[in-house]
Every structure is written in C-alpha cells, then in structure tokens.
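Geometric and topological summary
Here is how the chains run, residue by residue.
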Number of protein chains: 2
Amino acid sequence: MKYQGETTLSIALIHHPVVNKRAEIIGSAVTNLDIHDIARTARTYGILQYFIATPYEDQQQLVNELLAHWETGHGATYNPARREALSIVRLIDSLESAIAILTEKCGKKPMVVATSATFRETTIGYSELGKKIREGEQVLLIFGTAHGLAPEVIQLADATLPPIKGGTEYNHLSVRSAASIIIDRLLGS
Amino acid sequence: MKYQGETTLSIALIHHPVVNKRAEIIGSAVTNLDIHDIARTARTYGILQYFIATPYEDQQQLVNELLAHWETGHGATYNPARREALSIVRLIDSLESAIAILTEKCGKKPMVVATSATFRETTIGYSELGKKIREGEQVLLIFGTAHGLAPEVIQLADATLPPIKGGTEYNHLSVRSAASIIIDRLLGS
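These remarks concern the structure in this document. Quantities reported herein were computed from a predicted structural model and do not represent experimental measurements.

1. Things to note about the overall build of chain A
When its secondary structure is counted, chain A shows 8 helices and 8 strands. Its C-alpha radius of gyration of 16 Å places chain A within 12% of the 16 Å reference for a compact globule of 189 residues. Structurally, chain A occupies a C-alpha span of about 45 × 40 × 35 Å along its principal axes. Among the 189 residues that make up chain A, the fraction classed as buried is 58%. Residue pairs in contact within chain A that sit at least 24 positions apart in sequence constitute 79% of those at least 6 positions apart. Carbon and sulfur atoms form 50% of the exposed surface of chain A, whose accessible area is close to 8500 Å². Once the 18 positive and 20 negative side-chain charges of chain A are each reduced to a mean point, those two points are 6 Å apart.

Structure (structure tokens):
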C-alpha cells in the first residue's frame, strides 16, 4: 500500500564494496546516524525504500537491533515519527539484492543511478532524472560510504549523477549531507 | 583574507534558547556530528563563518577541545580536509554575539534570516535570498537544534525562509539535513 506522497525513487547506502582514501576496496561499518538522518530525509521526500547494504553478519545484527527498537520496542512509542521514517528502511546484503527486490516488486528492473564525488561517463542531469521519477519510472539511487562506491558497483549502474559542486574546490560532503542535497534536487519543489 | 569561493553567507547553529517538543524553552547539548557535518557542507559552499552558539561553559569546553584537536592536534595532520572545514567554525555564547562579530567585520549589521519547520510571517524566498548573497549582501542564516528556534530568537530575524517540504506530510528533517538542503538551495548551481 502506498503512503501519502510516495514516489518511485528508492535509495541504497552501500557499505561493501566501497573504497578507502587510497582507492583500495574495503567494507565500512554501519553508523547509527547514517540510518536515522537519511531515513528522515527519505521519508520527507516520499522515498519508496531505503536499503542498507552490508554483507557482514555482525553489522546486519546491529541494524536489525536498531530497527526492532524503533519498530516494536521502546522507540516506537517514545517517538512515532522516527518509527515512521525507519519503516521504509530495509536491510540487505548487497546492491544486487536491492535490484532483485525492486524488480520483483515492480515487475521490471529499476533504473540504477550511481552518485559520485567525481565526474563519470554516462551522466544524467538532476532535472532529467527528477522528471523520469515524476513520470513514474522506478529508480534506484546508490550512495557509497567511506570514500565512495567501488568501480564494480558503479559499473552496475545505468547512469551517474554529476558530483555536487558548491562553488569552491572543497569536495568533502558527508554522505548524509550529499544524500539530502541530491534527494532535494530530484524531488524538492 | 578570503578563501577561493568564499561568499557573504554565514550561518549560526543555536543551542539556546530553543524549544522542546512541548514548545518549552530549553538549552540543548552540542553534538559532534552537527559541528562536523554542517562544517563540511558550509566549507563546500563557501560559507564565511559557521557559528556554534551555546551559553554553557561545559559545552563551550567540549567545542574548544574538538576544534583544538582538528586545528593543531592529531586531527590536523591526519585529515587536513577536516581541518579546513572546521577552520570556519567559531564558538560564541549567543546569536547576539554572532551579529556583533559580523557587524564589526563587515562595517554594517548583517541581514539575519531564520529557518523554521513551520511557515512564519516575513518570509523571503530561496531564490530571492540567494540573489542577495550573490550581490554581496552579508547574511546570517540561523538554525535551531532540538525542536527549533525559540520565538525570541526568531523575533531577532529580519526574515524567515519557508520550511522545506518534500511532497509528504512528514516534517522531521535533522538539522544537519535541513542545513545542507537550504545551503544548496541558496548557493548551489
């Protein structure tokens, strides 16, 4: 059942494979605030699903405990608004699983769009992608933790959004800030 | 001395007086991530100064220790990009101090603009305010922690930006996300 204002945009936050500052492939730890902050932004803008992708069992357990606290534990009654935000969060092991879930749910493979702090080929503009979503196209937008998505993840994408530039040469937004800005550029009025 | 891309927009994150969910006046605790995340966004977009306002001495000490770690301690060599972001942060006791510092620095009082999750009178649009900044007007944009700025702070403002709406009735962005989105709307290209 759709919620009021729900769109056809889903997002995934990838914890493996990502790169470190030496461009080596690593897995990163899940952080509490990445889940909360991005869920709150996602729910504000009508995101369909917010996937948290990690293949590590201990990290999966942490995420499940956090979600249970807010879904049925003390958090659910203490802060119903937070429960509502976290209701769109879904834990998965990999990007491939998010694609499979959305394909099953929507009857066709979603358009997968990567985000990056550097320019890539196959770029799609913010307004062009926003238009596709408003027209009902299923889109899965992917964000990397640490120093960004591994090349093998970006290769799975159908397109890449241009990096966010703020008029300076400083290029170190947090993934929480980048996700908020990108979602607003796509869906904000 | 100006840095490359520096604008005439400053921001202040207010920890007192703000309101809790029952609209009572409170003071909130400074959080590490509010300083880091918002500083990174601010530096990306050429913000002149990012003021952290708290009247509490223990909280001021925490902020000073954090800034010292990144300015001259281990953090400064471990992550120079973070040092650069935090170099625009300035600890103050109140909004009035931020106004006084900018008035001294710029030779006239800045235009003070409040942000809020609810509509207020004296609203100014994002594009209109962005234009003023690009034309060189000194603007101080203020954000509230907890459940938002106290009425007495909003009364100090010359104007208020409209709340961020995402197409749903859900209205619970983190201040970190709200600051990123608002700064992008004002200064993003």
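Let's pick the thread back up.
2. Quick notes on the sheet that holds strand β5 (residues 89-92) of chain A
Residue and element names in this part refer to chain A. Taking strand neighbours across the sheet as the criterion, the 6 strands line up as β5-β4-β1-β7-β6-β8 in an open arrangement whose pairing is parallel. Strands at the two margins of the open sheet, each flanked by one partner only, are β5 and β8 (159-160). Strand direction decides the pairing type here: strand β6 (residues 111-114) and β8, joined by 2 bridges, are parallel. Residue pairing for β8: A114 is matched across the bridge by T160. Contacting β1 (9-14), β6 and β7 (139-144), helix α6 (residues 126-134) crosses the sheet at an angle of about 150° to β6. Here helix α8 (residues 175-187) sits on the sheet and contacts β1 and β7; the angle it forms with β7, its principal contact strand, is near 155°.

3. Concerning the packing of helix α6 (residues 126-134) of chain B against helix α8 (residues 175-187) of chain B
Residues and elements named next belong to chain B. Between α6 and α8, the shortest axis-to-axis distance is 7 Å and the interhelical angle comes to 65°. Of the residues in α8, those touching α6 at Y126, L129, G130, I133 and R134 are I182, R185, L186 and L187. Among the residues forming the contact of α6 with α8, the class breakdown is 6 nonpolar, 1 polar and 2 charged.

4. Notes on the relation of the copies chain A and chain B
Relating one copy of the chain to the other takes a rotation about an axis and a shift parallel to that axis. Between the two copies, chain A and chain B, the superposition gives an RMSD of 0.0 Å; the rotation angle is 180° and the shift along the axis is 0.0 Å. Such a combination of turn and shift is consistent with a two-fold rotation axis. Considering only C-alpha atoms, the part of chain A nearest the rotation axis is I181(A), at 2.5 Å. When the interface residues of chain A are mapped onto chain B, 100% of them are again interface residues, pointing to one common binding face.

5. Some thoughts on the sheet that holds strand β7 (residues 139-144) of chain B
Residue and element names in this part refer to chain B. Overall, parallel pairing links the 6 strands, which are arranged β5-β4-β1-β7-β6-β8 in an open sheet. Edge strands, defined here as strands with exactly one partner in the open sheet, are β5 (89-92) and β8 (159-160). Most of the contacts of helix α5 (residues 95-106) go to β7, to which it runs at about 165°, and overall it touches β1 (9-14), β4 (50-53), β5, β6 (111-114) and β7. Contacts from α6 reach β1, β6 and β7, with the element oriented near 150° to β6.

Thresholds applied
Residues numbered from 1 in each chain as written. Chains lettered and ligands numbered in written order. Predicted model: local features only at pLDDT ≥ 70, side-chain atom pairs only at ≥ 80, totals over all residues. Heavy atoms only, no water. Helix = DSSP H or I, 4+ residues; strand = E, 2+ residues; numbered from the N terminus. Rg over C-alpha atoms; globule rule 2.2 N^0.38 Å. Buried < 20%, exposed > 50% of the residue type's maximum accessible area, 1.4 Å probe, protein only. Contact = heavy atoms within 4.5 Å. Areas by Shrake-Rupley, 256 points an atom, 1.4 Å probe, with all protein chains shown as cover. Lys, Arg positive; Asp, Glu negative; His and termini not counted. Charge placed at Lys NZ, Arg CZ, Asp CG, Glu CD. Pairing = 2+ DSSP bridges. Axes fitted to C-alpha atoms, helices over the stretch in contact; angles between N-to-C directions. Nonpolar A, V, L, I, M, F, W, Y, C, P; charged D, E, K, R; others polar. Least-squares fit on C-alpha atoms with pLDDT ≥ 70 in both.

Distances and angles like these do not, on their own, reveal function.
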